[in-house]
Amino acid sequence: MGRPRVARLDRDKIGAAALQLVDRDGDFTMPGLARRLDVQVSSVYHHVPAGRAEVIELVRVLVSHRIDDAAFDRLPWDDAFVVWARSYLDAFSAHPAAVRLLATEPIRDPALLAAYNPVAAGLCRAGFADDEIIAVITASESFFLGAALDASAPDIIAGGRDEIEADLRRALDAAP
């Protein structure tokens, strides 16, 4: 009898390979992902029957694991918000190409959805009204994701400096 077969493919490997493709190319295709994994496309679908949307969720899980939502359980809301914001920015700054991709699909993973519970509870304890909490979370995430994209952008916002007038030139020169 030979050795037991070790699975060449699993959901973790699929998610990691997809994230590598997204980081490199900004997106992925199922055939391209299969090539990256050196398997047939049908092998990928065996592990992710819902296809591309399910792979996108695997990418979301990998990128989002660094977001610290638990700070709302241990810190005052405003301090927790800063921890959450910084960890969110760090997570997506490490994978800016994933921002556009992840915005195309709703969150489906139960653990990722549950990660919003401490945030909502912290905002509720801080006195935010029920009808304000989702707006605060959504606006904050939009800002964090924009900041993550900005962090990966070229340092100079304009290609030619001749078009820049004195006020903007001074502001650019003074910017960190």
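The structure we're discussing is the one just above.
Details of the overall build of the chain
When helices and strands are counted, the chain shows eleven helices and zero strands. From first element to last, N terminus to C terminus, the chain shows the α and β order α-α-α-α-α-α-α-α-α-α-α. For 176 residues, the compact-globule estimate of 2.2 N^0.38 gives 16 Å, and the C-alpha radius of gyration of the chain, at 20 Å, exceeds that figure by more than 25%. If you line up the chain on its principal axes, its C-alpha atoms span 75 × 50 × 25 Å. Burial statistics for the chain: of 176 residues in total, 32% are counted as buried. For the chain, restricting intrachain contacts to residue pairs at least 6 apart in sequence, the fraction spanning at least 24 positions comes to 62%. Carbon and sulfur atoms make up 56% of the accessible area of the chain, which amounts to about 10,900 Å² in all. With 19 positive and 27 negative side-chain charges, the chain shows a separation of 11 Å between the mean positions of the two kinds.

Looking at the environment of Ala 126
Along the chain, Ala 126 falls in the loop between helix H9 (116-125) and helix H10 (130-151). Overall, the relative accessible area of 32% leaves Ala 126 in the partly exposed class. Distance in space between the C-alpha atoms of Ala 126 and Pro 76 is 8.2 Å, their sequence separation being 50 residues.

What about the environment of Asp 68?
Tracing the backbone shows Asp 68 in the loop between helix H4 (52-64) and helix H5 (71-74). Each C-alpha atom, one on Asp 68 and one on His 95, is 17 Å from the other, the two residues being 27 residues apart in sequence. Other than its neighbours up to four places away in sequence, Asp 68 contacts Arg 74, Val 83, Trp 84 and Ser 87.

Side note on the packing of aromatic side chains
We describe a pair of aromatic rings using the distance from one ring centre to the other and the angle between the two ring planes. Here the structure, examined in full by the defined rule, presents nine aromatic pairs. Ring centres 6.2 Å apart and planes at 70 degrees place the aromatic pair Trp 77 and Phe 81 in the edge-to-face group. Here Trp 77 pairs with Phe 81, and both are found in helix H6 (residues 77-93), just four residues apart, close to one helical turn. Owing to a relative accessible area of 19%, Phe 81 belongs among the buried residues under this scheme. Centroid distance Phe 81 to Phe 144: 6.0 Å. Interplanar angle 55 degrees. Geometry classified as tilted. Here Phe 81, found in helix H6, pairs with Phe 144, found in helix H10; they are 63 residues apart in sequence, far enough to count as distant. Side by side, Phe 81 and Phe 144 carry an identical accessibility label, which is buried. An aromatic cluster is built from Phe 72, Trp 77, Phe 81, Trp 84, Tyr 88, Phe 92, Phe 128 and Phe 144, whose rings are joined through pairwise contacts.

Side note on the side chain of Glu 57
Within the secondary structure, Glu 57 sits in helix H4. Setting aside residues no more than four positions away along its own chain, Glu 57 makes contact with Pro 106, Ile 107, Arg 108, Asp 109 and Leu 112.

Observations concerning the layout of surface pockets
In this model, the largest pocket occupies a volume close to 500 Å³. Lining the largest pocket are 24 residues, and of these Arg 60, Tyr 88, Ile 107, Tyr 116 and Glu 141 sit closest to its centre. Listed by contribution, the elements that provide at least two residues to the lining of the largest pocket are H4, H6, helix H7 (97-102), helix H8 (110-114) and H10. Counting residues per element, the lining of the largest pocket draws most heavily on H10, at four residues. Of the residues that constitute the lining of the largest pocket, the class distribution is 16 nonpolar, three polar and five charged.

A few points about the packing of helix H1 (residues 11-25) against helix H2 (residues 30-37)
Direction vectors running N to C along H1 and H2 enclose 110 degrees, while the axes themselves pass 10 Å from each other. In terms of orientation, H1 and H2 fall into the roughly perpendicular class. You can see that H1 and H2 cross each other, and the crossing is right-handed. Counted together, Lys 13, Ile 14, Ala 17, Ala 18, Gln 20, Leu 21 and Arg 24 of H1 and Gly 32, Leu 33, Arg 36 and Leu 37 of H2 form the full contact between these two elements. In the contact of H1 with H2, the residues fall into six nonpolar, two polar and three charged.

Criteria and thresholds
Residues numbered from 1 in each chain as written. Predicted model: local features only at pLDDT ≥ 70, side-chain atom pairs only at ≥ 80, totals over all residues. Heavy atoms only, no water. Helix = DSSP H or I, 4+ residues; strand = E, 2+ residues; numbered from the N terminus. Rg over C-alpha atoms; globule rule 2.2 N^0.38 Å. Buried < 20%, exposed > 50% of the residue type's maximum accessible area, 1.4 Å probe, protein only. Contact = heavy atoms within 4.5 Å. Areas by Shrake-Rupley, 256 points an atom, 1.4 Å probe, with all protein chains shown as cover. Lys, Arg positive; Asp, Glu negative; His and termini not counted. Charge placed at Lys NZ, Arg CZ, Asp CG, Glu CD. Phe/Tyr/Trp six-rings, centres within 6.5 Å; stacked < 30°, edge-to-face > 60°. 1 Å grid on protein atoms, 1.4 Å probe; cavity = no way out; pocket = protein on both sides within 12 Å on 5 of 7 lines; lining within 4 Å. Points joined across faces, edges and corners; volume = space filled by probe spheres on them. Nonpolar A, V, L, I, M, F, W, Y, C, P; charged D, E, K, R; others polar. Axes fitted to C-alpha atoms, helices over the stretch in contact; angles between N-to-C directions. Parallel < 35°, antiparallel > 145°, perpendicular 65-115°, else oblique. Left-handed = near helix turned anticlockwise from the far one by under 90°.

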